[in-house]
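Take a look at the letters that make up each chain.
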Amino acid sequence: MKVVLVNGSPNKEGSTYVALKEIADTLYQAGVESEIFWLGKKAIGGCIACGQCGTLKKCVFDDVVNEFREIAMGADGFVFGTPVHFASASGNITSFMDRLFYSEAVGNRCAALKLKPAASVAIARRGGASAALDQLNKYINYAEMPMVSSSYWNMVHGANAKDVPEDKEGLYTMRVLARNMVYLLKCLEAGKNAEISPPEYEKKQWTNFIR
């Protein structure tokens, strides 16, 4: 089993990394492999609604989004981590999630993501973490991914990497999240071994409110 943790901060080893590392270390202790995937400092452009992902089966812009999708195909679970910028997720992870989840939905029926457990994590100096979590959780719901919870909202506080270890409850929340992820992954594996089939696919009905 493998869990991929996405670091949506422009700082490779900043506060978001410390929170994700706490999760990764706990997964390791439980015998689950993990990888922290950093989105980098380079700007990630947003979705331009070209619709080419329906034909190409991937995003038309061949960058970190498609790179991640290849890794995601072999992963069993995910954690999407972001710093809080103006009470929202970072610009890069927002564009990343928009393009990843849309191209997966249109081009692949979420083949790399669907029914794989996932969680969101937000790191804030002070406020806005709940809003950022709500933003990221919407992607998880959209892709039919079982959402992994913890003993509190998945947030850690700290202005920088040195601050984060002082948030004892926040790091505790990360460890509980990791253990719940392991439990759910093992349950899904047991279900697969018992030959329990995934839900039957039904073609999606697209509608709007303009008549």
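Residues numbered from 1 in each chain as written. Predicted model: local features only at pLDDT ≥ 70, side-chain atom pairs only at ≥ 80, totals over all residues. Heavy atoms only, no water.

Trainee: Is there a simple way to think about the side chain of T82 in this case?
Mentor: In this structure, T82 sits in strand β3 (residues 77–85). Polar contacts involving the side chain of T82 include one to the main-chain amide nitrogen of S90, which spans 2.9 Å. (Helix = DSSP H or I, 4+ residues; strand = E, 2+ residues; numbered from the N terminus. Polar contact = N/O pair within 3.5 Å; in protein donor to acceptor, adjacent residues only side chain to side chain.)

Trainee: Is there a simple way to think about the nonpolar core in this case?
Mentor: Soluble globular proteins tend to pack their nonpolar side chains together in the buried interior. F68, F78, F80, F96 and F101 are the most contacted members of the largest nonpolar core, which has 28 residues in total. Mapped onto this core, the elements with two or more residues apiece are β1 (2–7), α3 (64–73), β3, α4 (91–108) and α5 (129–142). Ignoring anything within four residues of it in the chain, the contact list for F80 reads V6, F68, F96, M97, F101, A118, A119, S120, V121, L136 and I140. Core analysis: the next-biggest nonpolar cluster, separate from the first, contains 23 residues, V18, A24, V79 and I123 among them. (Core = buried A, V, L, I, M, F, W, Y, C linked by side-chain atoms within 4.5 Å. Buried < 20%, exposed > 50% of the residue type's maximum accessible area, 1.4 Å probe, protein only. Contact = heavy atoms within 4.5 Å.)

Trainee: Would you mind going over α4 with me for this structure?
Mentor: One full turn of an α-helix is made of 3.6 residues, so residues set three or four places apart face in the same direction. With 18 residues, α4 extends 25 Å between its outermost C-alpha atoms, agreeing within 8% with the 26 Å of an ideal straight helix rising 1.5 Å per residue. Buried residues of α4: N92, I93, S95, F96, M97, R99, L100, F101, S103, E104, G107 and N108, and no others. (Expected span 1.5 Å × (residues − 1).)

Trainee: Can you help me understand unusual backbone geometry in this one?
Mentor: Note: most residues except glycine have negative phi, and most peptide bonds are trans. Although it is not a glycine, L115 adopts a positive phi angle of roughly 65 degrees. Mapped onto the fold, L115 is located in the loop between α4 and β5 (118–124). Exposure remark for L115: the relative accessible area of 32% places this residue in the partly exposed category. The phi torsion at E195 lies on the positive side, around 65 degrees, for a residue other than glycine.

Trainee: How do you make sense of the packing of aromatic side chains when you look at a structure like this?
Mentor: Given two aromatic rings, their pairing is described by the distance between the two centres and the angle made by the two planes. Inspection of every chain in the model, using the stated rule, returns eight aromatic pairs. Taking 6.0 Å as the distance between ring centres and 55 degrees as the angle between the ring planes, the aromatic pair formed by F68 and F78 counts as tilted. On the criterion of sequence distance, the pair formed by F68 in helix α3 and F78 in strand β3 is long-range, its members being ten residues apart. The exposure class assigned to F78 is buried, which follows from its relative accessible area of 0%. When the ring of F68 is compared with that of F80, the centres are 6.5 Å apart and the planes differ by 55 degrees; the resulting orientation is tilted. Of the two residues, F68 sits in helix α3 while F80 sits in strand β3, which places them twelve residues apart along the sequence. Residue F80 is classed as buried on the basis of its relative accessible area of 0%. Members of the aromatic cluster, each reached through a chain of ring pairs, are F37, F68, F78, F80, F96, F101 and Y139. The ring of Y201 has R109 lying over it, and the distance from NZ or CZ to the ring centre is 3.6 Å. Residue placement shows K204 over the ring face of W206; its charged tip is 4.4 Å from the ring centre. (Phe/Tyr/Trp six-rings, centres within 6.5 Å; stacked < 30°, edge-to-face > 60°. Lys NZ or Arg CZ within 6 Å of the ring centre and 35° of its normal.)

Trainee: How should I be thinking about the pattern of salt bridges in this particular structure?
Mentor: Pairing of side chains with opposite charge becomes possible as their charged atoms draw close. Per the stated rule, a full pass over the model turns up seven salt bridges. Between K2 and E35 there is a salt bridge; the shortest N-O distance is 2.9 Å. Here K2 is found in strand β1, whereas its partner E35 is found in strand β2 (residues 33–38), with 33 residues between them in sequence. Residue K2 is classed as buried on the basis of its relative accessible area of 19%. For the salt bridge of D134 with K138, the shortest nitrogen-to-oxygen distance reads 2.6 Å. Residue D134 and its partner K138 are both found in helix α5; the two are separated by four residues, about one turn of the helix. On the basis of relative accessible area, K138 is assigned to the partly exposed category, the value being 49%. (Salt bridge = Lys/Arg side-chain N within 4 Å of Asp/Glu carboxyl O.)

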